[in-house]
Structure formats: structure tokens, C-alpha cells
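What follows is the residue order along each chain.
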Amino acid sequence: MNAEFLKALEQIEKEKGIKKQVLIEAVEQAILNAYKKNYGSSDDVVVKIDEKTGEIKAINHLLVVDDETEDIAENEVTLEYARDFYGKQYKVGDTIEEEKIPANFGRIATQAARQIVVQKIKEAEKDIQYDQFKQKEGEIITGTVSRMSRGTVYIDISIIGDNDLTILSEGILPVSEQMSTDSYKIGQRLKCYISEVKRNNNKAQVVLSRVHQDFVRRLFELEVPEIYDGTVELVSIAREAGSRTKMAVKSNMKDVDPVGACIGAKGQRVRNIVDEINDEKIDIIEYSDDKVKYITAALLPAKVTSVTILEDEKIANVIVPDDKLSLAIGREGQNVRLAAKLTNYKIDIKSESNAQNETSSEIPQDEEMQEQTEKEVTQD
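What you are looking at is a predicted structure, and each value in this text was computed from that prediction instead of being measured. (Residues numbered from 1 in each chain as written. Predicted model: local features only at pLDDT ≥ 70, side-chain atom pairs only at ≥ 80, totals over all residues. Heavy atoms only, no water.)

### Here we look at the domain arrangement of the chain
Heads up, the condition is: Each domain's extent is set by a domain assignment, obtained either automatically or from a database.
Here the chain is partitioned into domain 1 (1-124), domain 2 (137-210), domain 3 (212-287) and domain 4 (298-364). The gap between the C-alpha centroids of domain 1 and domain 3 is 63 Å.

Here you go:
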């Protein structure tokens, strides 16, 4: 152990992000274990590395006991012995630090140090990989498809971590997180959403998604500077991946059109996102605190005649023109379903004629009861 070894530890700290002190403590423990294994298992031996010179010492602690003590233990010496061999300054109860360097100890220490440093580097790399990717949960990452197995797509990904270290991993895109409109090939560059980072056999397992609704949210943050800097706020989003997304935006600056900012000049911004998600339709509406206006906009492209809000039940009763009923509901109920998710209201839609029929069916009953009452009064 020498100054070169310490320089190597400093280099590891710089390149791998593992603190030098942590490595030194680990090496000391590894050498101590090797010492006990080869030269005895005394619990009073400690190993110390000089952090300036790299010099290693195995130190045995001896307790000074009275000369009359019987059954002297292995880690004890009498006062007379201590003063004869270690110095006249010792007294009963003192501890003597005795340096013990057995033959071949340097070789054993070096081997133990090498093994523990390699082990610690591997452990630290796994910890750093997990910690750094964990911080990226909820963000978008671009990677390269490396392989596919039983429908799962494996993607090589990397991030720049602390101290500008490049940290590599293999992301997993399960079948459940793939868009039905996606197709994959080896070497393909692909954007994904980091939905979860967890430990698997002490390694970071990065689970990716392309169906998560926040995947679209993050794409807009990347594409629209006004969303990234907070000028435009993406209030709510509802998505059925591969088919349609509805999102509500509002402006935090009076002169900025939130919908126009998201669409971009000649629709280029939203077009770039639509291309990334394979022509998935995106409806962008302006958020309003007026729930009637908000729900009306959420049901676009259908025209709405009226909206009645039952706030306590979070229900919106909506009436639409007869010829817009199917459009308001959407194919397999998608339009009204997404609008409900977007606004957080249960939406009950009726056509104008159905609404009128329900109303008119109630009125004759009332009139009939009134006529019957009048007849009874006349007869009396």
C-alpha cells in the first residue's frame, strides 16, 4: 500500500463517484478480515491505512493489568512486562497499541485490497445507477432498441449524472406499455417515458412507457417553450394511447393564446408530437373556471346545446342537437369518456328530441291529473 494506491482511489472517486474515504474504510475492513483469517482471530486487532502515505498497519491492543493477575488473557500484559518492553510510562488500565506485521502480510493485504475495491466499485456503480435514474422518473428519455424478447422491447439508455458522469442502463418497455400502433426494429431511436425505476437483483430496472398520459404531457413540455417556462399551463390531460388525447391548457400571461402556442405556426408543434405518437389524434382546448364552458369545450368537435351542472354529485347533464349525438358520444363512447376524464365530471348526454320527449311525457301526466281533479270538483 503506497501513495500510488491512494492516487488510484482518488481517480476512482473522480470517475465513479465513490468517495475515497468509503473505499479506504472498506479496504481496512477487508485487510482486517484477511489478517484474522491468516494469523488469528483476535478481536483487538485493528487495521489502519495512513491517508497521506498509504502505509498500512495492523495494530493489536493490549490491556495493562496488575502483576499479581492470574490467568493473563491473550490481549493482556502485566505492568512489569509493559514497562520492560513498551515504556516506563504505562500503568495498570492503560492500553498499548502494538504494531503487528507478520510475514507475507503485504501480499495478503494487497490481494484483499484489490478484491474489495473491485467489489465496492461494482456495488457503487449499481447504487449510483439506481439513484441517478430514480431521479429521472416521470421524464422522457431517448434510447436505442437493442433487442426484443417475447414482446418485451429492451432499449439502451443513458443519462448524464452527477459530476458529469455518463450512466448507462437497459430500459424495459413491456407489452402493456407499448402503443398498438408502434413497430420496433433493432437500432431504432425511440422516445419513452420513465414510468418506474426499481431494484432488481441490486441493479436498477428502468421501466419505460409509451402509453402513459404524462408521456404526451412531457412531449409538449419539450416541444412548446411556453409550457416549459410556465407561461402556458397544461391543466389536465386524458389519453387513450394510440387513438386520441384530450388536453386542457390555460395561459398565465394575458396576451398569450394557450391553444395557439401548443399548436404552433402552421400546426408544426403539435404535428411533431403527433408524428412521435403515430398520428394519434390530439384535441387541445382552453381551460375555463366556468364549468359549463369547460365541459362544452371538452366535448368538441360536437356542438352542445346546454349543460346543467350538479356540483355535489359531479354530474353534468348535457343536451346536444340530434345530428350531433353520435359525434358527442364518439366511437364506442370515446369522446364522452375522454371528456369525463379531462373534466372530472360524469357526463350524461341526451339529444334535444330525447330531452323534449322526456319533458313532454311528464307534462300530460300533470295535465291529466288536473283535469281529473276539475271533473271531481264539478261533480261535487
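Picking up where we left off.
### Considering the pairing of strand β11 (residues 244-251)
This is how the line gets drawn: Only protein chains enter the accessibility calculation, which uses a 1.4 Å probe; a residue is then buried when its area is under 20% of its type maximum, exposed when over 50%, and partly exposed in between. Helix and strand labels come from DSSP, where a helix needs a run of H or I of at least four residues and a strand needs a run of E of at least two; each type is numbered from the N terminus. Criterion used throughout: strands pair if DSSP finds at least two bridges between them.
The element β11 is largely enclosed, with a buried count of six among its eight residues. The pairing of strand β10 (residues 232-240) with β11 spans eight bridges and is antiparallel. By the bridge assignment, Ile 237 is partnered in β11 with Met 247. Linkage of β10 to β11, two consecutive antiparallel strands, is achieved through a turn of three residues, within which Gly 242 is found at a positive phi near 85 degrees. Where β11 meets strand β12 (residues 281-286), six bridges bridge the pair, whose relative direction is parallel. Opposite Ala 248, over in β12, you have Ile 285 as the bridge partner.

### Observations concerning the sheet that holds β12
What counts, and what does not: Angles here are taken between N-to-C directions and fall from 0 to 180 degrees, while the axes themselves are lines fitted to C-alpha atoms, restricted in helices to the stretch in contact. Any two residues having at least one pair of non-hydrogen atoms within 4.5 Å are treated as being in contact.
The mixed open sheet is built from three strands, whose spatial order is β10-β11-β12. A strand with exactly one partner marks an edge of an open sheet, and here the two such strands are β10 and β12. Strand-to-strand, the axes of this sheet are offset by a mean angle of 20 degrees, without reference to chain direction. The strands touched by helix α5 (residues 213-223) within the sheet are β10, β11 and β12, with β10 carrying the most contacts at an inclination of about 145 degrees. Packed on one face of the sheet, helix α11 (residues 334-343) meets β10, β11 and β12 and runs near 140 degrees to β10.

### Side note on the sheet that holds strand β13 (residues 306-310)
With mixed pairing, three strands are arranged side by side in an open sheet as β13-β14-β15. Each end of this open sheet is capped by a strand with a single partner; those strands are β13 and β15 (346-351). For this sheet, the mean angle separating the axes of adjacent strands, direction not counted, is 20 degrees. Bridge count for strand β14 (residues 315-320) against β15 is six bridges, and the pairing is parallel. Each residue of the ladder has a partner; that of Val 320, found in β15, is Ser 351. Contacting β13, β14 and β15, helix α9 (residues 291-298) runs over the sheet at an angle of about 125 degrees to β13.

### Some words on the pattern of salt bridges
Stated precisely, the cut-off is as follows: In what follows, salt bridge is the name for a side-chain nitrogen of Lys or Arg lying within 4 Å of a carboxyl oxygen of Asp or Glu.
Overall, the coordinates contain 19 salt bridges when judged by the stated rule. A salt bridge links Arg 269 to Glu 226; the shortest N-O distance between them is 2.9 Å. A residue pair is termed long-range when its members are at least 10 positions apart, and Arg 269 in helix α8 (residues 268-276) and Glu 226 in helix α6 (residues 225-228) qualify at 43 residues. Using a relative accessible area of 22% as the deciding quantity, one classes Arg 269 as partly exposed. Residue Glu 240 pairs with Arg 337 through a salt bridge whose shortest N-O separation is 2.6 Å. Here the residue Glu 240 occupies a position in strand β10, and Arg 337 occupies one in helix α11, the gap between them amounting to 97 residues. Each of Asp 182, Arg 210 and Glu 276 takes part in salt bridges that share partners, so that together they form one network.

### Structural notes on a negative patch on the surface
Which entries qualify depends on this criterion: Residues enter patches when they are more than 30% accessible in relative terms and free of salt bridges; like-charged ones are connected within 9 Å and nonpolar ones (Val, Leu, Ile, Met, Phe, Trp, Tyr) within 5 Å. The accessible surface values rely on the Shrake-Rupley method and a 1.4 Å probe; as for residues, cover is taken only from the protein chains in view. The positive count covers Lys and Arg only, the negative count covers Asp and Glu only, and His and the chain ends enter neither. The location of each charge is read from NZ of Lys, CZ of Arg, CG of Asp or CD of Glu.
Together, Asp 66, Asp 67, Glu 68, Glu 70, Asp 71, Glu 80 and Asp 84 give the surface a local cluster of negative charge. For Asp 71, the location among the structural elements is in the loop between β2 (56-65) and β3 (76-78). A relative accessible area of 73% means that Asp 71 is categorised as exposed.

### Some words on α11
When you tally the buried positions in α11, you get seven out of ten residues, the bulk of the element. Considered for burial, the residues of α11 that qualify are Gln 334, Asn 335, Val 336, Leu 338, Ala 339, Leu 342 and Thr 343. Considering only its buried residues, α11 is in contact with β10, β11, β12, α9, α10 (325-329) and β15. Looking one or two residues beyond α11, the residue adopting positive phi is Asn 344, at roughly 65 degrees.

### Re the pairing of strand β7 (residues 166-173)
For strand β6 (residues 152-160) and β7, the ladder comprises eight bridges, and the chain directions are antiparallel. Pairing of Ile 160 across the sheet is with Thr 166, part of β7. Bridge count between β7 and strand β9 (residues 203-209): two bridges; the pairing is parallel. Within β9, the residue paired with Gly 171 across the bridge is Val 206.

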